[in-house]
Amino acid sequence: MLCAKRILKLLFLFFLKAESKEWCKAKFEYGMPDYAECLSDGGDNITKYMIETIPIVSKGVNLYSNVSIVLSNKYGMKTKEIVISNKTEGPLNKIFSMRTDIGYPEFVHVKLNSPNTKWRCKKIIIWKDYKYWIFDCVGALNDNVSEATYFLSGNKLYTAYVKTGNDIEAGTTGTIEIILLGKNKRSNTKILHEGFTSGKLTKIVFQASDVGPLEDIILSNEITNDPWYCDFVKIKSDNKMYLFNVKSWLGSPYEKNIKINIKSNSVDESVKDIDCHVRGNDLIDTNNLPNLLENKIQIFKIRCPQNCQNTEFGSIEGSGVHPSSTSICASAIYDGTLSPSGGELIVTVGNDIKNYYVYEEKYNELKTIEFNTKADETNFLFYTYQLDSIDNIKSNVRIVDTFGKLSSLGRLEIRINNKWGSICKKGMNFTFSDDSAKRACKDLGFPSGIIIKENCGDINGQNYCAGHKYPFNGAGILCSGNEQSLFQCNMDSASNCIDHHDDVIIQCLQYSSSEVNKDGSIRLVDVTGSPSTNGIGRLQIYHNNVFGSICSEGWIKENEIIACKELGYNGIKQGGLSHKVCNNILGDNLCGPDTEHINAVNLTCTGNETSLKKCKYETHDDIYCSHDEDVVIGCAGSDGDASGFDNTTTGMTKNLLKLEKKPIHPKIELTCTDKILSKADLVNANVGSIFIVSCPENCDEDIGTVKGTFLYTYDSNICKAAIHTGALHNNVADDIVIIISHKMNKFIGTKRNNIESHTFNGISKTFAISIPTLYLLKEERKSNPKTQDELEESKNLKKESEFSYSNIFNKKNQTAVNTSMYVQPTFQWIAPLGFTGFNGEEKDYINCTNLPNEKYIKNLSNFTFIIYFTLSGGDYKWRTLLSHSLCEGISISIDEDNELIIEQNCNPNIIKSKFKPQIGIPYHIAVVFNKPSKIISLYINSKKAVLEKGKYNFTLNGDLIIGRSNDTSTDYFIGNIHLVEVYKFILSEEEIKESFNSAISLEYVDINNKGMGSFSSSHTTTGNNTINKNSKSNKKNIRKTVDGRECITSCKSKSVLNKNLLINTEEINLKCEHDLLSHHFNGKIGSEFLVRCVDNCIKSKYIIKGENNLYTPDSSICKAAIHAGVYIPNKQPGAQTNNDTFIIKIVQGLIEYKSARGHFG
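Calculation criteria
Residues numbered from 1 in each chain as written. Predicted model: local features only at pLDDT ≥ 70, side-chain atom pairs only at ≥ 80, totals over all residues. Heavy atoms only, no water. Salt bridge = Lys/Arg side-chain N within 4 Å of Asp/Glu carboxyl O. Helix = DSSP H or I, 4+ residues; strand = E, 2+ residues; numbered from the N terminus. Buried < 20%, exposed > 50% of the residue type's maximum accessible area, 1.4 Å probe, protein only. Phe/Tyr/Trp six-rings, centres within 6.5 Å; stacked < 30°, edge-to-face > 60°. Lys NZ or Arg CZ within 6 Å of the ring centre and 35° of its normal. Pairing = 2+ DSSP bridges. Axes fitted to C-alpha atoms, helices over the stretch in contact; angles between N-to-C directions. Contact = heavy atoms within 4.5 Å.

- The name an unreviewed UniProt entry gives the protein is LCCL domain-containing protein, with Piliocolobus tephrosceles as the organism.

## Quick notes on the pattern of salt bridges
Between side chains of opposite charge, a pair can form when the charged atoms approach closely.
Alright, step 1. One pass over the structure, following the stated rule, counts 30 salt bridges.
Alright, step 2. Here Arg 303 makes a salt bridge to Glu 255, at a shortest N to O gap of 3.7 Å. Separated by 48 residues along the polypeptide, Arg 303 in strand β21 (residues 298-304) and Glu 255 in the loop between β18 (240-250) and β19 (257-261) bring together distant segments of the chain.
Alright, step 3. Given the relative accessible area of 8%, Arg 303 is considered buried.
Alright, step 4. Taking relative accessible area as the criterion, Glu 255 reaches 33% and is therefore assigned partly exposed.

## Some points on the packing of aromatic side chains
Within a pair of aromatic rings, the relevant descriptors are the distance that separates the centres and the angle that separates the planes.
Alright, step 1. Evaluated as defined, the whole model comprises 25 aromatic pairs.
Alright, step 2. For the ring pair Trp 127 and Tyr 132, a centre distance of 4.9 Å and an interplane angle of 35 degrees mean the geometry is tilted.
Alright, step 3. For Trp 127, a relative accessible area of 32% puts it in the partly exposed group.
Alright, step 4. Ring geometry for Tyr 542 against Phe 547: centres 4.9 Å apart, planes inclined by 65 degrees, an arrangement best described as edge-to-face. Judged on exposure class, the residue Tyr 542 and its partner Phe 547 are both buried.
Alright, step 5. An aromatic cluster is present here, built from Trp 829, Phe 838, Phe 869, Phe 915, Tyr 923 and Phe 973 joined pairwise through their rings.
Alright, step 6. In this structure, Arg 411 is placed above the aromatic ring of Tyr 470, and the distance from its NZ or CZ to the ring centre is 5.3 Å.

## Some points on the sheet that holds strand β67 (residues 1088-1093)
Alright, step 1. With mixed pairing, 3 strands are arranged side by side in an open sheet as β66-β67-β70. The open sheet has two edge strands with one neighbour each: β66 (1068-1070) and β70 (1141-1145). Adjacent strand axes in the sheet meet at a mean angle of 45 degrees when their direction is disregarded.
Alright, step 2. As paired elements, β66 and β67 share 3 bridges and run parallel to each other. Opposite Leu 1070, over in β67, you have Cys 1093 as the bridge partner.
Alright, step 3. Where helix α14 (residues 1117-1124) meets the sheet, it contacts β66, β67 and β70, and its direction lies at approximately 105 degrees from that of β70.

## A look at the sheet that holds strand β10 (residues 131-136)
Alright, step 1. In spatial order, the strands read β7-β3-β9-β10; together these 4 strands make up an open sheet with antiparallel pairing. The sheet terminates laterally at β7 (94-100) and β10, the two strands that pair on one side only. Between one strand and the next, the sheet's axes are offset by a mean angle of 25 degrees, whatever the strand orientation.

Set out below in structure tokens:
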């Protein structure tokens, strides 16, 4: 009786379980089972979450705010909003909420719903089914950033050793954050430390996700005008120490975020900040240098400070090229590649030449000497070219701040005879005035400006004076107010300027004095009377046509909060300053002068006002207060406007000055025989000038001569000299940089890269050759978007009628879609209207020979391929998207395993992407090759993919074929290739993203809102064109599985599933001997079975009969699956993969079964 009851109970429980859960065949996703449990019909599965919010207590953070979150997983499933904080109770510590069961939550999307406030938490912990997930709260929420996504935290311990620079200004009070990056993983953003002290080595222990061996770190410093100089960061993990040489300033006005590679081998990564005296061998490890410099050169990027012509400890040896014992920045000034303004340089490193000669001993006020290196020392040489500088602007007027950056507050400088210099306040006849400041600011695009009368050495605690020996360009500029330019004003010569303590400092304002202030308007001024730059200052209110101070009698803390928010700040700083006396605020006397009016007293607010003029206050001509009682406030945040005028109306950003840059000289196309003497632009250039030029291939075969090593005579063949230097490969066309250098009278002959250069004793102007950076090439394209050849070719494109080569069109008016991309492809193919696609047949490919612009992609070194395609079939077949050139060329294909691969033709090594495009979904891919570094990169839908590291050397000098690899192969593509673009340069990540956004606007491809893109299920066919339409009604009927995938069959319970289709939800394990006659498969025609092969049956004795996936019932099922390519056995016995599960279907038998050769022989 007990047994009967137990059996009945078990049957009852099984019946309930079977009826309550349904299953379906789900949309394929790599690594996921074919069948999965369905979400409940008409809604989502519901579960109970507990959310714990751990707040962070910090100045300026208001925890009593309305905040909500949404949980989501990697499949896009998400819950409805959950409130985790409100204005009444603040953060709700532990709350319970019934929401959609999304499985494992991987993202927390948080939203601040309260205006004019700042909110931040430390961690959010999500509990469900006795499991929990911890999410780090990264960054604060405010009006500007009201939403954020938080990622899972980590629990691996890391130890960091952080060295701050020794400079007195190297420390910071900012919060430094760090992100760790491994080969395939990255950590969440972690707070590394709150502030660093100059010269100190700090040990920090923190927790983050396990990212494996470290390759990169990202450092961030968001504080304004308090940058941090980091020397290095060492991170210890798994008993291994990783060293990251940072050597950079971090935080405004420099970059707020920098990425540092452990090898620091990418010149386009963060710049290294160095002192004026730093030598070449102070920066470069010489251990592996001979191998790196064998027949080639290396480049890296540095930034020099201002005034390096006055370096006390710098030494210069050689001219044009220098031994490693030379100071880099000082030698750059001597070579004309750097000015006293400082700037970013590219340092080119080559093999030591032992003898460094000098013809011109003094240049740019600096001296050099000849030098001979010792034979037993490991040395190298270097030379430089300028990458960026504040000198490179069109304006002849500028303002420079204490960091050497362009600003709206700082030292006034003007350019005369192409040299910049400061202005001293007084000359023999004239004194600099407010009218002069207004004129200078108007030249820079500001409505007005004022002169700062305080000494330039201490303005708000910062030194704005230029350094000793920095140039002067004038004195005592006097303007009447009617001039159209600062240079029309009266000015004395600089001969009376004694030192830079009398430099003119001005502040440009975003409003003019003619603008009418209303009574009650407020502003915040510093010790000089100009608008505050740090949020701290004397508060003034406007009354009777004049600004005046406010007496502190009756003043309360709420007033300070309202005043700061009225000026656009986030809140008050350091708990507020209005309770302190004005004569000692952080060492400054901020009390008003006796000549200033006191305009208000007894000002009190309730706390609900939006501006001070809505509060109660007294104002009259005779307020009985002294300026010792002036109100001083401290406001937090970097978005405020102390002037009291809304900076968004003028389009200017406070303290940031952006001036139009000088254009870079257009790229010069050279022949193998060109010399400096044959190009007028080159022969007349000044010392230090640079030019980007393009060389053709095979210039080593030219009969021209080369004289010198690294420094060459003007009558040397340029491109042949570039091969000799190691900046150019002999068998490719590529871009190089020419640097014009000093006259020399001795030139050393050597043999490098199979080119013999000649020794020459005679006077000649010289040039050096280096490698262009991506930044430089991008800036050149900005300055010169099209060459004349490209303009002529684009005219011819409009005449073509066979294909649609025009830009991407808008459906309504067939006009080109306007994108922000300024770069144009060298070659472009767009599938024409009526094109039926690539169907895998013999003629379904495009040979691009003789198509417009195809001649420009015959020889490529650096390149970018853009392909926009949709796969429609061909599983287990090799399908080529495009191929360029034969051996040593490139092919981009989908292999038998449906994986996107890149290969070098005739090379057995294949670059696997680990990406498997799904059928019916359009994808945008970009393949980028950097010739100098020999690195290839892949972007899928604008996201960078992780490829195996390796060096490649593609040689593209043949034809481009789309949809097939060559004229003799059968690897035809099956699907639609909508767009192919070829660029003979490297696109940046921003440009690739814009290309992706442009591509998805193609009119015959319908993209969904997720950006990934998919075709909808409804199709309307007109002629040869298929138009895809979104069908909302159909979408609503699609069921989903609990893991977030769409069902491709209807959802049914286990019992119904087995009864109707005979598909088992758990696989049948098969061995080599099993066939259709086995007891497992006693179903009717049409039945399907989910099976798994547990043996490697390639060499088994069992036979198979049949072809084309149709086999006799006595054939070995596993061996037939191998023959058909459905099942790929694992080589290791007993190992299981996701490839050994498949479905067999019983169908009507054939009269005859033919033999055929299949996979694995």
